[in-house]
Amino acid sequence: MASGFFLLVLLALSASHALASDPGQLQDFCIADRTSQVFVNGFACKDPKTALVEDFFFSGLHMAGNTSNKQGSAVTAVNVAQIAGLNTLGISLARVDYAPYGQNPPHIHPRATEILTVLEGSLYVGFITSNPENKLFSKVLNKGDVFVFPQGLIHFQFNYGTNKAIAIAALSSKNPGVITIANTVFGSNPSISGDILAKAFQVDKKMVDHIHAQF
Ligand SMILES: *[C@@H]1O[C@H](CO)[C@@H](O)[C@H](O)[C@H]1NC(C)=O
């Protein structure tokens, strides 16, 4: 009896550990109803009888993003914002284009692990583990190579080559979210006090003001 109870507790524990993703399905699908006034964790479902094939469809990833920007990269996201039928399914993807020497700057996906495949070119990629180790795991990827960025860790990709590069990233959330480190820390609205950032980064406040001005 006691060992049976122990087994149940173990099962319950392992089951809760297995839920490290978006919620499991209780029906075939739950197409996001973006007009709903009901606020839930995710989007309310539209009436499944009104489901259309377009609710599961997106076209456009054959087109390169515009990399004429300061970072020299463009992310074309395909998540629940583009495909309503992804709601609650725990998956999404993105195409990333990189100009020569362009980069997808250090950022976090708060809700997703990412698995990235290089379609064209070479990328220097990496992620950094949490405190206190802050260990960098980095590698040069070539066409066909695949790399994993664990959920919530700071990661980046840099185009190593003189040619453009293209990658496809799959993410374990319908809505992975992005926190770009530089933009969020130095470009928040309203700004974080320069004194706080000067102390955090151990630099002169003038330096912080200079960086603030870039965002
Ligand atoms: C790409 O972005 C740049 C900068 O915003 C803009 O000047 C240019 O017209 C865009 N090119 C295309 C093809 O949209």
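Residues numbered from 1 in each chain as written. Predicted model: local features only at pLDDT ≥ 70, side-chain atom pairs only at ≥ 80, totals over all residues. Heavy atoms only, no water.

The name given to the protein in an unreviewed UniProt entry is Germin-like protein, with Triticum aestivum as the source organism. What UniProt records for the protein under Catalytic activity (unreviewed entry) is the sentence "oxalate + O2 + 2 H(+) = H2O2 + 2 CO2". (UniProt positions renumbered as here; feature names shortened; annotations may be inferred.)

With that settled, consider the sheet that holds strand 7 (residues 146-149). Read from one edge of the open sheet, 5 strands run 1-2-9-4-7, paired in antiparallel fashion. Of all the strands in the sheet, the pair left with one neighbour each is strand 1 (73-78) and strand 7. The average angle at which neighbouring strand axes cross in this sheet is 20°, direction not considered. Bridge analysis of strand 1 against strand 2 (residues 92-98) gives 6 bridges, and the strand direction is antiparallel. (Pairing = 2+ DSSP bridges. Helix = DSSP H or I, 4+ residues; strand = E, 2+ residues; numbered from the N terminus. Axes fitted to C-alpha atoms, helices over the stretch in contact; angles between N-to-C directions.)

To continue, consider the layout of surface pockets. Its boundaries defined by the atoms lining it, the largest pocket holds a volume of some 420 Å³. Residue lining of the largest pocket: 24 residues in total, with Val75, Asn104, His107, Val178 and Thr180 positioned closest to the centre. Going through the elements one at a time, strand 1, strand 2, strand 3 (103-108) and strand 9 (165-171) are the ones with two or more residues in the lining of the largest pocket. It is strand 2 that provides the largest number of residues to the lining of the largest pocket, a total of 4 residues. Of the residues that constitute the lining of the largest pocket, the class distribution is 12 nonpolar, 10 polar and 2 charged. A domain-level breakdown of the lining of the largest pocket finds at least three residues from each of domain 1 (66-78 + 90-177) and domain 2 (180-215). (1 Å grid on protein atoms, 1.4 Å probe; cavity = no way out; pocket = protein on both sides within 12 Å on 5 of 7 lines; lining within 4 Å. Points joined across faces, edges and corners; volume = space filled by probe spheres on them. Nonpolar A, V, L, I, M, F, W, Y, C, P; charged D, E, K, R; others polar. Domains from an automatic or database assignment.)

We now examine the pattern of salt bridges. Applying the stated rule across the entire model yields 4 salt bridges. Salt-bridge contacts for Asp55 lead to Lys46; the nearest nitrogen and oxygen are separated by 2.8 Å. Grouping residues by exposure puts Asp55 and Lys46 together as buried. Of the charged contacts, one joins Lys205 and Asp209 as a salt bridge, the two residues approaching to 3.9 Å between their closest N and O atoms. Taken together, the residues Lys205 and Asp209, both in helix 4 (residues 205-214) and 4 residues apart, mark about one turn of the helix. When its relative accessible area of 36% is taken as the criterion, Lys205 is described as partly exposed. (Salt bridge = Lys/Arg side-chain N within 4 Å of Asp/Glu carboxyl O. Buried < 20%, exposed > 50% of the residue type's maximum accessible area, 1.4 Å probe, protein only.)

Residues given the UniProt feature "binding site: oxalate" (unreviewed entry) here are Asn104, His109 and Glu114. None of the other annotated residues line the largest pocket; only Asn104, His109 and Glu114 do. As for its placement among the helices and strands, Asn104 is situated in strand 3. Apart from the residues lying within four places of it in its own chain, the contact partners of Asn104 are Ser73, Val75, Val96, Tyr98, Phe156 and Gln157. Mapped onto the fold, His109 is located in the loop between strand 3 and strand 4 (114-120). When its relative accessible area of 7% is taken as the criterion, His109 is described as buried. What His109 contacts, discounting residues up to four positions off in sequence, is Glu114, Gln151, Gly152, His155, Leu171, Pro176, Gly177 and Val178. (Contact = heavy atoms within 4.5 Å.)

With that out of the way, let us pick up the nonpolar core. Formed by 14 residues in total, the largest nonpolar core has its most connected members in Tyr98, Leu116, Leu123, Val125, Leu141, Phe147 and Phe149. Setting aside residues up to four positions removed in sequence, Leu123 forms contacts with Tyr98, Leu116, Val118, Lys139, Val140, Leu141, Gln157, Phe158, Asn159, Tyr160, Ala165 and Ala167. Ile31, Val78, Val80 and Ala84 belong to the second largest nonpolar core, which has 7 residues in total. (Core = buried A, V, L, I, M, F, W, Y, C linked by side-chain atoms within 4.5 Å.)

In this section: the environment of Ala32. As for its placement among the helices and strands, Ala32 is situated in the loop between helix 1 (2-18) and strand 1. Separated by 48 residues in sequence, Ala32 and Val80 have C-alpha atoms that sit 7.6 Å apart. Setting aside chain neighbours within four positions, we find Ala32 in contact with Phe43, Ala44, Val80, Ala84 and Asn87.

The subject of this paragraph is the side chain of Asn87. As for its position among the elements, Asn87 is in the loop between strand 1 and strand 2. Once residues lying within four places of it in the same chain are set aside, the contact partners of Asn87 are Cys30, Ile31, Ala32, Gly42, Phe43, Ala44, Val80 and Lys174.

Before going further, it helps to examine the packing of aromatic side chains. Under the definition given, this model contains 7 aromatic pairs. Judged by centre distance (5.2 Å) and plane angle (70°), the rings of Phe29 and Phe56 are edge-to-face. With Phe29 in the loop between helix 1 and strand 1 and Phe56 in the loop between helix 1 and strand 1, this pair connects stretches of sequence that are 27 residues apart. In this structure Phe29 comes out as partly exposed when scored by relative accessible area, which is 26%. Note on Phe186 and Phe201: the rings are 5.2 Å apart at their centroids and 45° apart in plane angle, and the pair reads as tilted. With Phe186 in helix 2 (residues 181-186) and Phe201 in helix 3 (residues 194-201), this residue pair connects regions lying 15 residues apart in the sequence. What makes Phe201 partly exposed here is its relative accessible area of 44%. Members of the aromatic cluster, joined through ring pairs, are Phe127, Phe137, Phe147 and Phe149. (Phe/Tyr/Trp six-rings, centres within 6.5 Å; stacked < 30°, edge-to-face > 60°.)

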